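# Reading the structure
Here's the letter readout for the chains.
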Amino acid sequence: LIPVESSEGDVRLTGYVANPSQSRGNARMQYVFLNGRSIRDRALQHALGEAYRGLLMTGRYPICFLRLEMPPEMVDVNVHPTKLEVRFQDSGVLYRQLLGTLRTKFLNTDLEARYQGSDVRQEPATSSLATNQQPTSVLRQQVVDWAKGELAHRVARQEQEAWQPLDRPVPARSSGPLTMSRLDQPQATRWTPQAIEPAEDAGSEPAEPLPVDPPALQVHNRYLVTESEEGMVVIDQHALHERILYEQIREKVLAGAVESQALLVPEPVDLGPGEAAAALEHRELLEQLGVRIEPFGGDTILVSSYPAMLAKLSPSEVLRDLVERLLADGRAPERRDLLDSLLHSMSCKAAIKAGDHLTSDEIAALVEGRHLAQDAHHCPHGRPTALVFTRDELDRQFKRI
């Protein structure tokens, strides 16, 4: 669990949200208390889902235990017979507060997945809220006390210390694109370490700098293994590159600066009636992504340009994939959700794949890009990009401890 806390005006938000590694197949583990009373609110549930966007896989729901405190006049509690649903005076302010609080916390929290061996010995619980040694009635009362803000400060401090994750500073954003395009590069030769030459005499000419070793070792042409302060990190090369490209494309789309490649001769693409209608309906959105189309009669669409980063793919393949995303839900999606889905598709198509051999320069660029992305710990679809093996876990597996 990750503790969260914020105050804006007369509204105070406190509680805990689960690490994205823990989720559920439904929203039943989402608990929100307003001035000590349990409530349900669709806007707050939507804000919670938006905060976890890109951190959970499709069909998974976040876990939360949140408490809201505000003056009674800011909320109407008489809109539901059992008072489970309420009407806030300004739900938009609460929405932005919850979303902003969680996203800021996630950006400053280490969310990398960590390997947990099956033989890890469980330490005895030290928290007064441990759930395996207390009767249900006691636990129920403690939840009620917590919701009402009546738990002792000592218990709150113990919980804070017991569950506080490792924080890290927000990484600086990249000012330019990652210098790695894997779509049109020839197969590289295998990298081999360079021998270390003896040091030159003080009076001799300075030696040429030795080639820099890549910061990671590629394994099976799909994973990168590197060292960290905690221990060892295994990186999924496709998932990480997909995340880096997704953030770069998103910034360019928002700035209206997606590189587009014009075709000398527009390419006709035959679609089904529904597909052609969807493509033409969302022409403006597709153009934001670098795909410019126009009708050609019947169900045929002309593609006059498409994203330069997808140059190795045919224009028809790019358009068909994007149209498939347009029709994926079988209903008219919200513009933001649709744009996000299309960005996922483009970044997945352009990213290096499992099985691609990387040169030492490409490995270095990919590992460096990991530190420049905001949500580098998860790919846009919610899969982890890396798995951390701590030194303690490695020692445990090798029977050193």
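Residues numbered from 1 in each chain as written. Predicted model: local features only at pLDDT ≥ 70, side-chain atom pairs only at ≥ 80, totals over all residues. Heavy atoms only, no water.

## Re the pattern of salt bridges
- Taken as a whole and judged by the stated rule, the model has 15 salt bridges.
- The shortest N-O distance in the salt bridge between Glu230 and Arg114 comes to 2.5 Å. Of this pair, Glu230 sits in the loop between strand E10 (223-227) and strand E11 (231-236) while Arg114 sits in strand E8 (residues 113-114); the two residues are 116 residues apart in sequence, bridging distant segments of the chain.
- For Glu259, the salt bridge is made with Lys252, and the minimal N-O distance between the two is 3.1 Å.
- Looking at Lys252, the relative accessible area reads 23%, which means it is partly exposed.
- Each of Glu50, Arg53 and Asp340 takes part in salt bridges that share partners, so that together they form one network. (Salt bridge = Lys/Arg side-chain N within 4 Å of Asp/Glu carboxyl O. Helix = DSSP H or I, 4+ residues; strand = E, 2+ residues; numbered from the N terminus. Buried < 20%, exposed > 50% of the residue type's maximum accessible area, 1.4 Å probe, protein only.)

## So, helix H8 (residues 315-326)
- Between the first and last C-alpha of H8 there are 17 Å, a value that for 12 residues agrees with the 16 Å anticipated at 1.5 Å per step.
- On its buried side, H8 packs onto strand E12 (260-270), helix H6 (273-281), helix H7 (283-288), strand E13 (292-295), strand E14 (300-307) and helix H9 (335-350). (Expected span 1.5 Å × (residues − 1). Contact = heavy atoms within 4.5 Å.)

## What about the side chain of Ser304?
- As for its placement among the helices and strands, Ser304 is situated in strand E14.
- What makes Ser304 buried here is its relative accessible area of 17%.
- If we ignore the near neighbours within four places in the chain, the residues touching Ser304 are Gln261, Ala262, Leu263, Pro266 and Arg292.

## Here's the deal with the packing of helix H5 (residues 237-255) against H9
- Put simply, H5 and H9 touch, their axes get as near as 8 Å, and they point 130 degrees apart. Our classification of the angle between H5 and H9 gives oblique. Considering only the axes of H5 and H9, their crossing is right-handed. Taken together, the residues of H9 that come into contact with H5 (itself represented by His238, His241, Glu242, Leu245, Tyr246, Ile249, Arg250 and Val253) are Leu339, Asp340, Leu343, His344, Met346, Ser347, Cys348 and Ala350. (Axes fitted to C-alpha atoms, helices over the stretch in contact; angles between N-to-C directions. Parallel < 35°, antiparallel > 145°, perpendicular 65-115°, else oblique. Left-handed = near helix turned anticlockwise from the far one by under 90°.)

## Looking at the sheet that holds strand E1 (residues 2-8)
- Read across the sheet, five strands follow the order E1-E2-E5-E3-E4 without closing on themselves; strand pairing throughout is mixed. Each having just a single partner strand, E1 and strand E4 (37-39) make up the two edges of the open sheet. Here the average twist between neighbouring strands, direction ignored, is 20 degrees.
- Each of E1, strand E2 (11-17) and strand E5 (64-69) is contacted by helix H2 (residues 91-107), which is oriented at about 135 degrees to E1, the strand it contacts most. (Pairing = 2+ DSSP bridges.)

## Thoughts on the sheet that holds E14
- Spatially, E12-E14-E13 is the arrangement adopted by the three strands of the open sheet, whose pairing is antiparallel. In this open sheet, the two edge strands, each paired with only one partner strand, are E12 and E13. Adjacent strand axes in the sheet meet at a mean angle of 20 degrees when their direction is disregarded.
- Note that E13 and E14 share four bridges and pair antiparallel. Paired with Arg292 across the strands is Ser305, a residue of E14.
- Running over the sheet, H6 touches E13 and E14 and is turned about 125 degrees from E13.
- Of the strands in this sheet, E12, E13 and E14 are in contact with H8, which crosses E12 at around 70 degrees.

## Notes on the side chain of Thr385
- With respect to the element layout, Thr385 can be found in the loop between helix H10 (360-370) and strand E15 (386-390).
- Among all residues touching Thr385, those that are not within four sequence positions of it are Val234, Ile235, Asp236, Ala239, Leu240, Ala376, His377, His378 and Cys379.

## Some remarks on the pairing of strand E3 (residues 30-34)
- Of all five residues that make up E3, four are buried, and the element is covered over most of its length.
- In this structure, E3 lies alongside E5, joined through five bridges in parallel fashion. Pairing of Leu34 across the sheet is with Leu68, part of E5.
- Across three bridges, the pairing between E3 and E4 is antiparallel. Counted as the bridge partner of Leu34 is Arg37 from E4.

## Here's the deal with the packing of aromatic side chains
- Counted under the stated rule, the structure contains three aromatic pairs.
- A ring pair is formed by Tyr31 and Phe65, whose centres lie 5.7 Å apart and whose planes are at 10 degrees; its orientation type is stacked. Placement of the pair is Tyr31 in strand E3 and Phe65 in strand E5, with a sequence separation of 34 residues.
- Of the residues examined, Tyr31 reaches a relative accessible area of 34% and is grouped as partly exposed.
- A relative accessible area of 23% means that Phe65 is categorised as partly exposed.
- For the pair Tyr115 and Phe389, a centre-to-centre distance of 4.9 Å together with 25 degrees between the ring planes defines the contact as stacked. You can see Tyr115 sitting in the loop between E8 and helix H3 (136-147) and its partner Phe389 sitting in strand E15, a full 274 residues away along the chain. (Phe/Tyr/Trp six-rings, centres within 6.5 Å; stacked < 30°, edge-to-face > 60°.)

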